[in-house]
Amino acid sequence: MGDFKLTTIEENEAITNRLLETGAKVGADSWQLRVKNQTPHCKFGEQGVCCRICSMGPCRITPKAPRGICGCDAHGIVGRNFLRFTAGGCAAHSDHGREIAHTLYQARPEGPYKVKDPEKLIRIAKEWNIETEGKDIYDLAHEVAYVALGEYGKIEGYQNFTSRAPEHTRELWKKAEIMPRAVDREIATAMHMTHMGNTSKPEALVRQSFRTGLSDGWGGSMTGTEFSDVLFGTPTPIETEANLGVMVAENVNIVVHGHDPSLSELICEYADDPEMIAYAKSKGAKGITVSGVCCTSNEVAMRRGIPMAGNFLQQENVVLTGACEAIVVDVQCIFPALGPLSKCFHTKFVTTSPICQMPDSDFVRFDAATAGENAKAIVKMAIDNFENRNPDLVYIPDTKQKATVGYSVEAIVKTLDGVTNSQVDETGTTKPLLQCITSGVIRGAVAMVGCNNPKIRPDYLHVELMKKMIANDIVIIASGCSAQAAAKAGLMDKAAKDLCGAGLKRVCELADIPPVLHMGSCVDISRMLMLAAELAKDSGLNISQLPVVGCAPEWMSEKAVSIGNYVVSTGLDTFLGVDPYVSGSDQMCELLTNGVRDWVEAAYTVEKDLDKLGDLMIERIEEKRAALGI
Ligand code: MSK
């Protein structure tokens, strides 16, 4: 195995503890302290049986009080809460996609936003029956973006991107009445259905949860992914590094955090500008290091190789290093705690979106028209802040791992083309990957996604499950904070092939890939949908027959519930390590873990025990193989 060694959870915990000592010195708060104040959690909330949708309550269901004041029972209350959770997640993802479509609408040849992948733009235009012949690429970009923006409120029909799903899947959706219409309509319908005095029937609430989720996965999120590729380039494999050790003590450190790549792309560009580097040197720094947290980090890592400082529960750690000149955030998954925390250090906490405004931050309103100026001003603000550092508080742990990232569907297809060419002559399809699966060299795949959650030791389930899967010749495609957990541990280093079973190890060697493939950010789970659809079409199977499952072991956000709903609805069994607040209704539990299988040929499993969760996923993959006779 040479010098390769994974970074353990214990090592990462020791680093965090060391940083918390700095925090204690300056009187900083931390999520670890706040968790103590918030536990034990409210049992009614945990079970999903608290209703505060109208002002007659709040009502809480107990054996003595089995109905709320309006008469709604636990099943209706849990179901409504589940649907509202989904609507929140779908809104966040889809609005992110809408912002990207707006950015594409404002792309100009003179910049700052340009079309970097014209082929993908033309491909989408053709898919949507938009004439491409003889058109200027920017005129086409504006036309396609205009149609995409219309998808959010389209008067009739379904989301355009659903045409990418296999015929069988679309038929299931129509039959189950969950085919997604306009994104905004599905969110509004969800809110309307859950208003006081409307739906309290669990089955109807779950159907709308699935339809809302599908409008996210095959609508808003796919728009975010595809148009980000058009604007910033479709990712290809690229080398980077992960964990807090990517920050450089001698440099000005700028950390980008959030989800939307529009701002961070430009921050990266200006941080590379010789004029800015010279300015940083004039202020006593050796250079400028941009690193990232959460999904903004995934976006710029996949396209530019920008290192990943950490994932969700490390966002406070980057400030606690005492060496962060600016943490620049866009939208989603940003702790309001960063405001007061940054005040304990010299760090500038820069918010940039009207969607995400927080106390104790410097607000630089980011706008596509003024993006260049905004990004330049932020980089300059960080450089000017370098001299305010307190050297006594600086501690950057010497821990990082190498990672190869950037596995878009296009990159996976291309990378695996060479692996089985001797047996399969169809290139540019998923057939080489299918050949690896049907021959049993790879047993199957797990789409590992989602956040960290203080209810679980950060990264523990992600990393341990991934290790177990790859040892059993199951390849992992990962996104979001799960991908960063893998990268920090070292599972995206190609040397991690030595932790695989013999079959997957051979594939990793032949294709020169790590066993855990970084597929991007949260919205990029839409890439996983596209891959599953392609695998089904190329194999002639239904998606639900593929030996592929989804897993979100440490999820925490509403977005994750929306994701879970569209992944299950697409036909992939989905395994959760955290309960989605439905345990208070046996009817809701039965529907989600079993009943929905009649509609979409897949269902949820919730299992908090690591070993059982891993065994259940392997069992499911092997059952699917056995059913196919492979
Ligand atoms: S950032 S939604 S904590 S994956 Fe996409 Fe990470 Fe979850 Fe946010």
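Residues numbered from 1 in each chain as written. Predicted model: local features only at pLDDT ≥ 70, side-chain atom pairs only at ≥ 80, totals over all residues. Heavy atoms only, no water.

Asker: Can you explain the site of the ligand? Please cite residues and give values.
Answerer: If you check the shell around the ligand, you find 13 residues, and the closest are His259, Cys333, Cys451, Cys481 and Cys522. Elements supplying a minimum of two residues to the shell around the ligand: α12 (294-304) and α19 (480-489). Among the residues forming the shell around the ligand, the class breakdown is eight nonpolar, four polar and one charged. Per-domain counts for the shell around the ligand show at least three residues from each of domain 2 (244-393) and domain 3 (403-628). (Near = heavy atom within 4 Å. Helix = DSSP H or I, 4+ residues; strand = E, 2+ residues; numbered from the N terminus. Nonpolar A, V, L, I, M, F, W, Y, C, P; charged D, E, K, R; others polar. Domains from an automatic or database assignment.)

Asker: Tell me about the pairing of strand β12 (residues 474-479), and name the residues and values.
Answerer: With six of its six residues buried, β12 lies for the most part within the structure. On β12, burial covers both faces: Ile474, Ile476 and Ala478 on one face and Val475, Ile477 and Ser479 on the other are all buried. Alignment of β12 against strand β13 (residues 516-520), held across four bridges, turns out to be parallel. Bridging from a neighbouring strand, Ile476 pairs with Val516 of β13. (Buried < 20%, exposed > 50% of the residue type's maximum accessible area, 1.4 Å probe, protein only. Pairing = 2+ DSSP bridges.)

Asker: Any chance you could break down the domain arrangement of the chain for me, citing the residues and the numbers?
Answerer: For the chain, the assigned domains read domain 1 (69-232), domain 2 (244-393) and domain 3 (403-628). Each partner contributes residues to the interface: domain 1 has 42 residues there, and domain 3 has 40 residues. Here domain 1 packs against domain 3, burying approximately 3,400 Å² in sum over the two surfaces, 70% of which is carbon and sulfur. Considering only the side of domain 1, the residues that lose the most area to domain 3 are Phe82, Phe85 and Phe210, jointly responsible for 20% of the buried surface there. Counting the contacts that link domain 1 with domain 3 gives three salt bridges. In this structure, Asp229 and Arg527 form a salt bridge, with 2.9 Å as the shortest nitrogen-oxygen distance. Of the residues that constitute the side of domain 1 that touches domain 3, the class distribution is 18 nonpolar, 15 polar and nine charged. (Contact = heavy atoms within 4.5 Å. Buried area = accessible area lost by both parts, 1.4 Å probe. Salt bridge = Lys/Arg side-chain N within 4 Å of Asp/Glu carboxyl O.)

Asker: Tell me about the sheet that holds strand β15 (residues 574-576), and please be specific about residues and values.
Answerer: Strand pairing within a sheet occurs via backbone hydrogen bonds; the two strands may be parallel or antiparallel. Spatial strand order, β13-β12-β11-β14-β15-β16: six strands in an open sheet with parallel pairing. Pairing within the sheet leaves two strands with one partner each, and these edge strands are β13 and β16 (604-606). Pairwise comparison of adjacent strand axes, ignoring direction, gives a mean angle of 25 degrees for this sheet. (Axes fitted to C-alpha atoms, helices over the stretch in contact; angles between N-to-C directions.)

Asker: Any details on the packing of aromatic side chains? Residues and values, ideally.
Answerer: One pass over the structure, following the stated rule, counts nine aromatic pairs. Each ring, one from Trp128 and one from Phe227, has its centre 6.2 Å from the other, and the planes form 55 degrees; the classification is tilted. Taken together, the residues span a long stretch of sequence, with Trp128 in the loop between α5 (118-127) and α6 (137-151) and Phe227 in helix α9 (residues 202-232) at a distance of 99 residues. Each member of the pair Trp128 and Phe227 is classed as buried. Aromatic ring contacts, followed pair by pair, group Phe85, Trp555 and Tyr581 into a single cluster. Taking the ring centre of Phe335 as reference, the NZ or CZ of Arg34 above it sits at 5.8 Å. (Phe/Tyr/Trp six-rings, centres within 6.5 Å; stacked < 30°, edge-to-face > 60°. Lys NZ or Arg CZ within 6 Å of the ring centre and 35° of its normal.)

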